[in-house]
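Each chain, letter by letter, is given below.
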Amino acid sequence: MASVATHERLIGGAVAEHPRGRAGFIGTMRSEFTKIWSVRSTYWTLIAMLVVCVGLGALFSWGATERILALKHGVTFGGHPAPPGALANREALIKSQAASLSLFGLLIGQLIMVVLGSLTITSEYSTGMIRTALTAMPRRGTFYAAKAVAFGFVALVTGLVTSFIAFFLGQTILSTQGVSTTLGAHDVLRTVIGGGLFLAVCGLLSFGIGAMLRHTAGSISTGIGLLFVVFILSNFLPSPPSGWFGQADFDKWIPFFAGAHIWQSQLVGVNPFSPWVGFGVFCAYAAAALIGGLVLFLRRDA
Amino acid sequence: MIEARGLTKKYGETVAVDNLSFNVQSGKITGFLGPNGAGKTTTMRLILGLDRPTRGSVTVNGRRLNQLAWPMREVGALIDAKAVHGGRSAYNHLLCLAQTNNLPKRRVHEVLDLVGLHDVARKRTKGFSLGMGQRLGIAAALLGDPQILMFDEPVNGLDPEGILWIRNLMKALAAEGRTVFVSSHLMSEMENTADDLIVIGRGKLIAQSTIAEFIAANSQQSVRVSTPQRAEFAAVVAAAGATVRDDSDDRLVVLGLTPAQVGDLAFEHGVRLHELSPAHASLEQAFMELTASSVEFQAGLPGVAPDQQAVGAGKVN
């Protein structure tokens, strides 16, 4: 508290010359990258996502090999004598699902991505940083786009890295019983890349929700509810009478079922969209949330 | 130059800023005064484009803030020193702001030096004291080396040293020909620093003038007299058409006469004087009288009639 600014010290001269052009997207995006990488919560969340996705995938893969190992000893996992042909059936089943089995952790990993996506924007409001930031960059559309692109990039890269690590570790475990698959096999590359894409879009969906709600707890709850709770509930809700309006054509619109078919085929609901069409629907949801967030962001007082 | 024209902001039914028009002149310190809740912060938020006016407009250098090519290089503002992400270091906080306006990293170090935060630049800001937070906010405002600076209640909660630092800083900034627009609810804070004044109450403009004009217009000259013949002299003065009242120290306060006239009266009537001193009502008092009717939450002083409160609360120098 001792230093007193003097006249001479204030004249830095550093920025006296105004450059050509105007403050815009590129600078703001660099700023957003700085913001993302300069708070610890980013690292914790991304590490948590990696550990959960890779760890759960490894555990599920290990579980699958245990069952096969038991069958090779002529008993089921429960200790009963195995029926004839059980081993071959099980091996074929695991082999056909080897890629999505190793990615099973994404089911939980998506929730962590929801947290990260929400925090990216809601933490600006909870800390008040938004007011300082919008004073520096008052062009709100530019600000919002730069933030979404910077976050989307981080989410996509970490999503892909997570997906590939989970895949390779899972296959290493499955290969001990000879039921692993490779990236070259049918649909496997789509599955693994799809896992990364899915995580990134989960994050962006949550980012849009965060921009609309501006409240951390509220938007995380909404994101988790939308992605996780709805599809679980759908498994327990009674079907409508057949031929009425048909659960078959209802289920597939549930965000998780639509979006997750690209990386797994067990949890997709009745009569699902094909993987890429479903993913397109999922992206449309995220786009709707992002646009909703943008419209409110442009209109509301900060 | 900041220009507000018919600026109005309503939050629901509450009118925070009511048809406000004013100019903040370049190269001067303009004090923005008003009681708490008068709409000072809202006005500053409107200038910065954080809030959208219900009616009217406000421009900076002839443009809305979001139309400026390099906003940080034209306007720097400290509205709320706590508006930072506490998990980010001071350096990174300033860096992410600097990057939006393509300001070099070198400039971040410069402003950290300037406000004396260089030693804690890598520390997370959640551990900062109020004074450090205020300095960080000022560092952010100065990042773009702007010609216009806005500070909202910059000395609130600071210790005397911090207050002195801010005062000197504002004077130094103005000495460089910058425009400084600073709000306060304390007139005494402005008395020594500001050139111009804008006074608002309940969102409405009450006065806009230079500080000298404001003093001349709003402070009544009075003469303080101490005499053993109080009652007698009070009658003499009253007969001469002046207002007279007792002050708390058993002296008479004469309003409406110059010190010379009072002295002559005493001489003519053979009244002995022990003290004869001119007194100017302080700006604080003038300000309080001016805004007394527009204070949002008026607290009653026990035992003082409402119309005397403003006078009773201000001190007569």
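Relevant structure appears above.
Report on the accompanying structure. Keep in mind that what you see is a predicted model, and the values were worked out from it rather than measured.

**A closer look at the pairing of strand β6 (residues 148-152) of chain B**
Residue and element names in this part refer to chain B.
Part 1 of the argument: Burial within β6 is extensive, with five of its five residues counted as buried.
Part 2 of the argument: Every second residue of β6 is oriented toward a common face, with I148, M150 and D152 on one face and L149 and F151 on the other, all of them buried.
Part 3 of the argument: Strand direction decides the pairing type here: strand β5 (residues 75-78) and β6, joined by four bridges, are parallel. By the bridge assignment for β6, G76 is matched with L149.
Part 4 of the argument: Sheet analysis places β6 next to strand β7 (residues 179-184), joined by five bridges and oriented parallel. The residue of β7 that forms the bridge with I148 is T179.
Part 5 of the argument: Once the chain exits β6 it traverses helix α6 (residues 160-175) before rejoining the sheet at β7, and the crossover so formed is right-handed.

**What to know about helix α4 (residues 105-114) of chain B**
Quick reminder: α-helices carry 3.6 residues per turn. Residues three or four places apart thus point the same way.
Residues and elements named next belong to chain B.
Part 1 of the argument: Every buried residue belonging to α4 is among R107, V108, V111, L112 and L114, and all of these are buried. Down the axis of α4, the sector holding all buried residues measures 160°, keeping them to one side.
Part 2 of the argument: Backbone geometry just downstream of α4 places G116 in the positive-phi region, at approximately 75°.

**As for the environment of A:T172**
Residue and element names in this part refer to chain A.
Part 1 of the argument: Along the chain, T172 falls in helix α8 (residues 140-174).
Part 2 of the argument: Judged by its relative accessible area of 49%, T172 falls in the partly exposed class.
Part 3 of the argument: For T172 and W62, which are 110 residues apart along the polypeptide, the C-alpha to C-alpha distance reads 9.8 Å.
Part 4 of the argument: Polar side-chain contacts of T172 include one of 2.6 Å to the backbone oxygen of F168.

**So, the packing of aromatic side chains**
Part 1 of the argument: Evaluated as defined, the whole model comprises 22 aromatic pairs over all chains.
Part 2 of the argument: Relative to A:F168, the ring of A:F164 has its centre 6.2 Å away and its plane inclined at 35°; by these criteria the two rings are tilted. Taken together, the residues A:F164 and A:F168, both in helix α8 and four residues apart, mark about one turn of the helix.
Part 3 of the argument: Among the residues examined, A:F168 registers a relative accessible area of 44% and is labelled partly exposed.
Part 4 of the argument: Judged by centre distance (5.9 Å) and plane angle (40°), the ring pair of B:F22 and B:F32 falls under tilted. Remark: B:F32 occurs in strand β3 (residues 29-33) and B:F22 occurs in strand β2 (residues 14-24); sequence separation between them is 10 residues. For the pair formed by B:F22 and B:F32, the shared burial category is buried.
Part 5 of the argument: Aromatic ring contacts, followed pair by pair, group A:F198, A:F228, A:F231, A:F256, A:F257, A:W263 and A:F282 into a single cluster.
Part 6 of the argument: Positioned above the aromatic ring of B:W165, the side-chain terminus of B:R135 is 4.2 Å from the ring centre.

Conventions we followed
- Along each chain, residue indices are assigned from 1 in the same order as the chain's sequence is written.
- The lettering of chains begins at A and the numbering of ligands begins at 1, in the order of writing.
- Per-residue local features of the predicted model are confined to residues with pLDDT of at least 70, and side-chain atom pairs are confined, for both listing and counting, to 80 or more; whole-chain, interface and lining totals are unaffected and use all residues.
- Think of the side-chain values as coming from all heavy atoms in the structure, minus any hydrogens and water.
- Between buried and exposed lies partly exposed: a residue is buried under 20% and exposed over 50% of the maximum accessible area for its type, with that area taken using a 1.4 Å probe on protein chains only.
- We count a stretch as a helix when DSSP gives it H or I for four or more residues in a row; a strand needs E for two or more, and each element gets its number in order from the N terminus.
- Strands qualify as paired when DSSP identifies two bridges or more between them.
- Viewed with both strands pointing away, a crossover whose connecting path from the first strand over the helix to the second turns clockwise is right-handed.
- Note: the arc covers the axis-to-C-beta directions of the helix.
- Polar contacts here mean pairs of N or O atoms no more than 3.5 Å apart (in protein, one a potential hydrogen donor and the other a potential acceptor; neighbouring residues in sequence count only if both atoms are side-chain atoms).
- Only rings of Phe, Tyr and Trp enter the pairing, Trp through its six-membered ring, and a pair is recorded when the two centres are within 6.5 Å. The plane angle decides the type: under 30 degrees is stacked, over 60 is edge-to-face, the rest tilted.
- Lysine NZ or arginine CZ positioned within 6 Å of the ring centre and within 35 degrees of the ring normal marks a charge as sitting over the ring.

Interpretation in functional terms is not warranted from these geometric data alone.
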